[in-house]
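Summary of the model geometry
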Amino acid sequence: MPRHTAPDPSRRSEQSRAAILTAAAELVAELGFAKLTIERIAARAGVGKQTIYRWWPSKGAVVFDAFLAANEKASGGSLALPDTGDLAADLRAVLRPTVDELADPAFDRTGRGLTAEVLNDPALLREYRERLLDPLLEVTRDRLRSARAAGHLDEDADLDLAVELLYGPVYYRWLHGLGPLDHAYADRQVEAVLRTLGAPSA
């Protein structure tokens, strides 16, 4: 007689969670953030609305998790910066994909909607800081620390200011549409930051 095993609730929950994140990512790309609703995500994922609200407090939180899941898949789950011994090349290797993403029209709609949600939702802002922004800034500081220890930067270089100088202008240009976001811009940004930090000329 065949044996029947009981359904695994944790596996079913993980399948539902994955379906919800996939649905959120697909729908926000198709509709834009403003037209996205929890009801539409639930219908696409094949789950009830209450299943979504059991795990996330808002559509912004669902989209943020979907965004993180996509980034983790693309990066292999690693946030660390490369350390090849060439600081300029390592920073370009991070900033070039950043401007590529910001220049992508599919990301632009999602990114602007999510940015607005983050700024208006203190709980989501905490999640964004703890799970994305702060870890990114810290791994960048780590790479700059190793460069400073190796004598590639001034010994008194302000690394907290450095990470803001590296990323801040890129997001400012994206947010206000001030100019193209391409590799040439990313490279100029890296050069400007390294000059400010006292890096020797190449």
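Coordinates for the structure precede this section.
Scope of this entry: the structure provided in the associated data block. Nothing here was measured: the structure is a model prediction, and the numbers come from that model.

Description of the environment of D182
- Within the secondary structure, D182 is located in the loop between α8 (159-176) and α9 (183-196).
- Classification of D182 by relative accessible area gives partly exposed; the value is 31%.
- For the pair formed by D182 and V99, sequence separation is 83 residues and the distance between their alpha carbons is 5.9 Å.

Notes on the packing of helix α6 (residues 105-120) against helix α7 (residues 122-149)
- Between α6 and α7, whose axes approach to 5 Å, the crossing angle comes to 110°. With respect to each other, α6 and α7 are oriented roughly perpendicular. On α7, the residues that touch L114, E117, V118 and N120 of α6 are P122, L124, L125 and Y128.
- Class assignment for the residues of the contact of α6 with α7 results in six nonpolar, one polar and one charged.

Overview of the packing of aromatic side chains
- Overall, the coordinates contain five aromatic pairs when judged by the stated rule.
- Seen from their ring centres, F67 and F107 are 5.8 Å apart, and the 40° between their planes marks the pair as tilted. Here F107 lies in helix α6 and F67 lies in helix α4 (residues 59-75), a separation of 40 residues in the sequence. The pair formed by F67 and F107 is uniform in burial state, with each residue classed as buried.
- The interplanar angle of 90° and the centroid separation of 6.4 Å between the aromatic rings of Y171 and W174 together place this pair among those described as edge-to-face. You can see Y171 and its partner W174 sitting in helix α8, three residues apart, about one turn around the helix.
- For Y171, a relative accessible area of 34% translates into the label partly exposed.

Definitions and limits used
Residues numbered from 1 in each chain as written. Predicted model: local features only at pLDDT ≥ 70, side-chain atom pairs only at ≥ 80, totals over all residues. Heavy atoms only, no water. Helix = DSSP H or I, 4+ residues; strand = E, 2+ residues; numbered from the N terminus. Buried < 20%, exposed > 50% of the residue type's maximum accessible area, 1.4 Å probe, protein only. Axes fitted to C-alpha atoms, helices over the stretch in contact; angles between N-to-C directions. Parallel < 35°, antiparallel > 145°, perpendicular 65-115°, else oblique. Contact = heavy atoms within 4.5 Å. Nonpolar A, V, L, I, M, F, W, Y, C, P; charged D, E, K, R; others polar. Phe/Tyr/Trp six-rings, centres within 6.5 Å; stacked < 30°, edge-to-face > 60°.

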